[in-house]
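Chain by chain, the residues run as shown.
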Amino acid sequence: LLGYSYRRRKTIWLAIERIRSVTKLPHRFEYPASYSPEKYTEGMFGIIEGPETAVELLLHGEQTTAFLSSRRLHPTQKFVARPDGKTLLSMQVRGTTELSSFILSQSPWVEVLKPEALRNEVAERLRAGSALYAAPTPPARSRGRARRQ
């Protein structure tokens, strides 16, 4: 939900689930002629804005390509089939915060090629997640007999 904050003097994103109450005011609001909600969302992947970034993802497998190419992930998405059977997905996005979570949800069938910062972020999050599932180290056995108290 987009709204104008008089405190911040700018348009901001509001989380609907965090709104506690609403009061209908007696006067009516007229949109400025220059207002365009698309202006705030154009180029974004999700709702968290960031710097404009060229992204290249390598899709592994025909099913992954079929699934993702059947959806509109982003207005700038381009799919290019490669001779090795993989597909290159490129996009020009404004912010990669939500994109990294989306990529993780498609793991291990999607690989980040560019930008390097996004590739490193996804790799680190995969390592951290993998560590949660690593085999636990058995407890060390004590030498000698246990004493009764």
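Bear in mind the structure is a predicted one, so any value in this text is a computation, not a measurement.

The rules behind these values
Residues numbered from 1 in each chain as written. Predicted model: local features only at pLDDT ≥ 70, side-chain atom pairs only at ≥ 80, totals over all residues. Heavy atoms only, no water. Axes fitted to C-alpha atoms, helices over the stretch in contact; angles between N-to-C directions. Helix = DSSP H or I, 4+ residues; strand = E, 2+ residues; numbered from the N terminus. Parallel < 35°, antiparallel > 145°, perpendicular 65-115°, else oblique. Left-handed = near helix turned anticlockwise from the far one by under 90°. Contact = heavy atoms within 4.5 Å. Nonpolar A, V, L, I, M, F, W, Y, C, P; charged D, E, K, R; others polar. Buried < 20%, exposed > 50% of the residue type's maximum accessible area, 1.4 Å probe, protein only. Arc of directions from axis to C-beta. Pairing = 2+ DSSP bridges.

J.: I'd like to hear about the packing of helix α3 (residues 97-105) against helix α4 (residues 116-132), residue by residue, with values.
T.: Where α3 meets α4, the axes come as close as 10 Å, and the angle between the chain directions of the two elements is 50°. With respect to α4, the element α3 is oriented oblique. The two elements α3 and α4 meet at a crossing, and its hand is right-handed. Contacts between α3 and α4 involve Leu99, Ser100, Ser101, Ile103 and Leu104 on the former and, on the latter, Leu118, Glu121, Val122, Arg125 and Leu126. The residue makeup of the contact of α3 with α4, split by class, is 6 nonpolar, 2 polar and 2 charged.

J.: Describe helix α2 (residues 62-69), listing the residues and the values that go with them.
T.: When α2 is considered as a whole, its buried residues turn out to be Thr64, Thr65 and Leu68. Down the axis of α2, the buried set is contained in an arc of 95°. They therefore lie on one face. In α2, the exposed positions angled more than 90 degrees off the buried face are occupied by Glu62 and Gln63. Of the surrounding secondary structure, the elements contacted by the buried residues of α2 are β3 (52-59), β4 (78-81), β5 (87-94), α3 and β6 (110-114).

J.: Can you explain the pairing of β4? Please cite residues and give values.
T.: Two strands pair when backbone bridges link them, and β4 and β5 are joined in this way by 4 bridges, in the antiparallel orientation. Bridged to valine 80 within β5 is leucine 88. Linking two consecutive strands that pair antiparallel, namely β4 and β5, is a turn of 5 residues; a positive phi of about 90° is found at glycine 85 within it.

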